[in-house]
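# Secondary and tertiary structure notes
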Amino acid sequence: MTSISPHKQTMALCGPFLLSSCPAHRLKFNPFLLTKHSPLPSSTLSLCRPSLTTISPWQFNRPRPRFFAASVAAPENGVFPSSELAKSFDFSAEERIYNWWESQGYFKPSVHRGSEPFVLSMPPPNVTGYLHMGHAIFVTLEDIMVRYHRMKGRPTLWIPGTDHAGIATQLVVEKMLQSEGMKRTEMGRDDFINRVWEWKEKHGARITNQIKRLGASCDWTREHFTLDEQLSRAVIEAFIKLHDKGLIYQGSYLVNWSPNLQTAVSDLEVEYSEEPGTLYHINYRVAGGTRSDFLTIATTRPETLFGDVAIAVNPDDDRYTKYIGKMAIVPMTYGRHVPIISDKYVDKEFGTGVLKISPGHDHNDYILARKLGLPILNVMNKDGTLNDVAGLYCGLDRFEVRKQLWADLEETGLAVKKEPHTLRVPRSQRGGEIIEPLVSKQWFVNMESLAEKALHAVHKGEITIMPERFEKIYNHWLSNIKDWCISRQLWWGHRIPVWYIEGRSGEEDYIVARNEVEALEKAHEKYGEGVEIYQDPDVLDTWFSSALWPFSTLGWPNESSEDFKRFYPTTMLETGHDILFFWVARMVMMGIELTGKVPFSNIYLHGLIRDAQGRKMSKTLGNVIDPLDTIKEYGTDALRFTLALGTAGQDLNLSMERLTANKAFTNKLWNAGKFVLQNLPSQTDVSAWEAILAHKFGAEESLLRLPLPERWVVSELHVLTDTVTASYDKYFFGDVGREVYDFFWSDFADWYIEASKARLYQSGGNSTASLAQAVLLYVFENILKLLHPFMPFVTEELWQALPNRKEALIISSWPQTSLPRHANSIRQFENFQALTRAIRNARAEYSVEPAKRISAWIVANKDVVQYISNEKEVLALLSRLDTENVHFATSPPGEANKCVHLVASEGLEAYLPLADMVDISAEVDRLSKRLAKMQTEYEGLVARLGSPKFVEKAPEDVVRGVREKAAEAEEKINLTKKRLELLRSSALVSQ
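An unreviewed UniProt entry annotates the chain as valine--tRNA ligase originating from Linum trigynum. Turning to the chain, the UniProt record has this under Catalytic activity (unreviewed entry): "tRNA(Val) + L-valine + ATP = L-valyl-tRNA(Val) + AMP + diphosphate". The Sequence similarities (unreviewed entry) field of the UniProt record for the chain holds the comment "Belongs to the class-I aminoacyl-tRNA synthetase family."

Mapping Trp543 onto the fold places it in helix α15 (residues 542–546). Looking at Trp543, the relative accessible area reads 15%, which means it is buried. Between the C-alpha atom of Trp543 and that of Trp583, which follows or precedes it by 40 residues, the distance is 6.8 Å. Those residues in contact with Trp543 that lie beyond four places of it in its chain are Ser266, Leu268, Trp484, Ile579, Phe582, Trp583 and Arg586.

It is worth spelling out helix α29 (residues 862–869) at this point. Among the residues making up α29, those that are buried are Val864, Val865, Tyr867 and Ile868. In this structure Asn861 caps α29, since a side-chain oxygen of it lies 3.1 Å from the backbone nitrogen of Asp863.

A word on the sheet that holds strand β18 (residues 498–501). Read across the open sheet, the three strands follow the order β19-β18-β20; overall the sheet is antiparallel. Unpaired on one side and paired on the other, β19 (510–512) and β20 (533–535) mark the two borders of the sheet. Averaged over all pairs of adjacent strands, the angle between strand axes in this sheet comes to 30°, irrespective of strand direction. Sheet analysis places β18 next to β20, joined by three bridges and oriented antiparallel.

What follows concerns unusual backbone geometry. The omega torsion across Met466 and Pro467 is -5°, close enough to zero to call that bond cis. Inspection of the secondary structure assignment puts Pro467 in the loop between β15 (464–466) and α13 (470–479). With an omega of 15°, the peptide bond between Trp556 and Pro557 qualifies as cis. Its location among the elements puts Pro557 in the loop between α16 (549–552) and α17 (562–567). For Asn804, which is not glycine, the phi torsion reads 65° and is therefore positive. Following the sequence through the fold, Asn804 ends up in the loop between α27 (792–801) and α28 (823–845). Among the residues examined, Asn804 registers a relative accessible area of 38% and is labelled partly exposed. Here Ser847, not a glycine, exhibits a phi torsion of approximately 55°, which is positive. Tracing the backbone through its elements, the reader meets Ser847 in the loop between α28 and β26 (854–860). A residue is classified by how much of its surface remains accessible, and Ser847, at 25% relative accessible area, is partly exposed.

Let us look at the packing of helix α19 (residues 627–634) against helix α20 (residues 636–644). For the pair α19 and α20, interaxial distance at closest approach is 7 Å and the crossing angle is 115°. Touching Pro627, Thr630, Ile631 and Tyr634 of α19 are Thr636, Ala638 and Leu639, all from α20.

If you trace the backbone, Asp408 turns up in helix α11 (residues 398–412). Although buried, Asp408 forms no salt bridge, and the nearest oppositely charged side chain, Lys418, lies 13 Å from it. Among residues more than four places away in sequence, those in contact with Asp408 are Met332 and Tyr393.

Attention now goes to the pairing of β18. In the case of a regular strand, side chains alternate between the two sheet surfaces. Because side chains alternate across β18, one face comprises the buried residues Val498 and Tyr500, and the other comprises Trp499 and Ile501, equally buried. As paired elements, β18 and β19 share three bridges and run antiparallel to each other. Within β19, the position partnered with Tyr500 by the bridge is Tyr510.

Take the pattern of salt bridges next. Throughout the structure, instances matching the rule amount to 41 salt bridges. Of the charged contacts in the structure, one is a salt bridge between Glu94 and Arg213, with a shortest N-O distance of 3.4 Å. With Glu94 in helix α3 (residues 93–103) and Arg213 in helix α8 (residues 206–213), this pair connects stretches of sequence that are 119 residues apart. Residue class for Glu94 comes out buried when judged on its relative accessible area of 0%. Note that Asp343 and Lys371 form a salt bridge whose closest N and O atoms lie 3.2 Å from each other. Note that Asp343 is positioned in the loop between β11 (337–342) and β12 (354–357) and Lys371 in helix α10 (residues 363–372), a separation of 28 residues in sequence.

Below, the discussion takes up the packing of α13 against helix α18 (residues 580–595). Packing of α13 against α18 brings their axes to within 11 Å, and their N-to-C directions diverge by 75°. In terms of axis orientation, α13 runs roughly perpendicular to α18. Contacts between α13 and α18 involve Phe470, Ile473, Tyr474, Trp477 and Leu478 on the former and, on the latter, Leu580, Phe581, Ala585, Val588 and Met589. Class assignment for the residues of the contact of α13 with α18 results in 10 nonpolar, no polar and no charged.

Calculation rules
- Residues numbered from 1 in each chain as written.
- Predicted model: local features only at pLDDT ≥ 70, side-chain atom pairs only at ≥ 80, totals over all residues.
- Heavy atoms only, no water.
- UniProt positions renumbered as here; feature names shortened; annotations may be inferred.
- Helix = DSSP H or I, 4+ residues; strand = E, 2+ residues; numbered from the N terminus.
- Buried < 20%, exposed > 50% of the residue type's maximum accessible area, 1.4 Å probe, protein only.
- Contact = heavy atoms within 4.5 Å.
- Polar contact = N/O pair within 3.5 Å; in protein donor to acceptor, adjacent residues only side chain to side chain.
- Pairing = 2+ DSSP bridges.
- Axes fitted to C-alpha atoms, helices over the stretch in contact; angles between N-to-C directions.
- Lys, Arg positive; Asp, Glu negative; His and termini not counted.
- Salt bridge = Lys/Arg side-chain N within 4 Å of Asp/Glu carboxyl O.
- Parallel < 35°, antiparallel > 145°, perpendicular 65-115°, else oblique.
- Nonpolar A, V, L, I, M, F, W, Y, C, P; charged D, E, K, R; others polar.

Following this line, the structure appears as structure tokens:
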């Protein structure tokens, strides 16, 4: 992100009419803000003009403009009651504006528009969730997309909703019940589900209302919940269709198991953390060998040795080749033998180079065992205790067994040593407990054929992934995909639509149906009238319903529904890059398989939000930034603008400094709006408004008739509109924000608003002022349009304050592109700016009082002189020149040796008479004293550097610092000598 200069951040501290920022190279002088009646606090002026070293007792005092807009009529909607803007934008107005938008139906797609719709599905936040910065960034980016395409005239649909969040919601309600002295298992399934629904009805809208605070302009009339009737119907239909195609099956495989939650969990719900642990070294005796024949294994989980089915070594490891093919005795198992095998998979350098294979409790071992045809042995119960395979340790908790087993191994002499070791520990995202790899009977989706189609869709260009680099990750994941475990041992969720036959235990004896009535009919047909059935107790993985989100929310499986026909496939899927596989890829696979079409044509992936130091936000670190607290202090617009300036796919470090700077930007925009409004005529002044509205800027001949500053700013606006529109179309939102920010602040506020004051407050007549008013209004309203997707609230409030607003900004037309611009005028005004900066810098260098007007000779060729002299009043205003003593010539003045000579640009120079700027005698005296002081300081620095003792013994950075100070002092001395020489020569000449 491009940094924002500190001087721009201070502008909110200046009055509403001082709109110019003031770096050393860009001093601003407004003659109408300064009078000599009462003193201005020097601290205030220094904030606005940091490069001025001498402050005169001047005060801001704005003159009476010739046009005043106090009576401009406000929109008659009762929501925006007045065009007289407050001192600053009131953040509390955001809720009022949002409610008005929603009440007017602006968030709904305008189906009467004939263009191709822009459709986007909101990633459904968990119904248990509280707003965090992850939500804030996806809402910001998606709302930018939606608002932009809405203004472009496309029917725009943003579908909101929430996820039932099986594990998270069940945990919340179980904790609530525990506080009431109740347990889920004591209540029964139906009563528990009813309590969860009660909780959802009471708290489920919390996250939705928080998302609205961010300005999300989604169609809330189409809001969905993954357990509502429509989506539940879609989930059942998807299961049945996939099962009928042979893509869903039941089997016993290794899964991530949560002993506390008593359910399988997805890979996404497992978080790995590096934690201190122990590496245990244990001897396994070789069967039939001597007492010295043993293999030492190193393991972090000794309790799993009861599930060992083999011992493996690398075939190239000379230490163990003699044991390959023999049997090893598993410790503490009453002599159970396992084969000693060889495999290249074994790392000779890790631990002892000997691997115990426990396929029932380790993912890598499981893969290796299946490759080698080894059996699977499970030693653990689902509550984390060991089963009867563990013999004496049966019924003990896994961690208790670890301690007891090691003590027993030490007693039997099989324990070699234990040493500290950093572990990568898998923990439950929800409960925090350590996840156990466990073989369990579950329902799975066969992913191979689904993944092949999803890979093909991206390869053919049917789906575009942004940024492009994530396409490689997408391809890698899908090329190495595993079957998806979709069953969860929970009560809250979509219950698996499978029924079993009472009294039959065969895996094939089940019925897949849409409901119990249909299941019973099928069972009677297949097994006879007397059979009874019961439903599978498990529910589907939450991600299963989420995978259907883009089309289930549009009416699928009813493909004749109006929304499905009109809006599917959707246009865009925007989300964090961290769930590209877990959610995005699954939606692609399900969409293609179930609808025959890709669910969206574009995937935009944003990065994670980190703190200012680049750390992940966490309660442990205490660095979590709450979006709602941020909105209260900085406003929604500043937060959105800050988040949107990141780069797609890259993590964003969020700092308070950025938020402060963008709050100042909001304030700057507000002050600019006040300036424009307060310099427009009363709406009852018909003739004045006719004059303003007569000015058109869309034709080249109209543009060329404008004076230079107006021609320049309109040309730059037209260039900006094309550039920004192209960036919006490419989803380069960071570029959009920076480009509009720079134009508004640097070109419009810093330059054109200041230049316009020469038209508004000085001579030139009503026609000149009318032109400035027309340009101010034209440029400002287009800035509001370009910024609206980023900063919707402040732009709408300002838009509604402008006169003659016939529609809301949110549904206004996007600025027209390919409008005329005059490149030569842009270059000419850049010369004008260079001249102004040069004069300002000279004034600052010679400490000229801000209110003092000085003389100037402007020297250039005839063409340059012509266009510069045409803007004599603007130049005088911006540079604080005496209008009566500004001269233009093609050669230097006769008294050039009495002047400060400035080279603004090639072929454009200025001569400023020294006598106008300073009291030469007093300045010579001041600089002479200053020079003497600098010489003394410089000589001291040189003496230190000349001392071998200092140079040899002082730290290197200290010596380097002294050298840098000496060089800087020498440069200042030389500059001061040159200035003294110029002043003395000028004094001699004048004598």
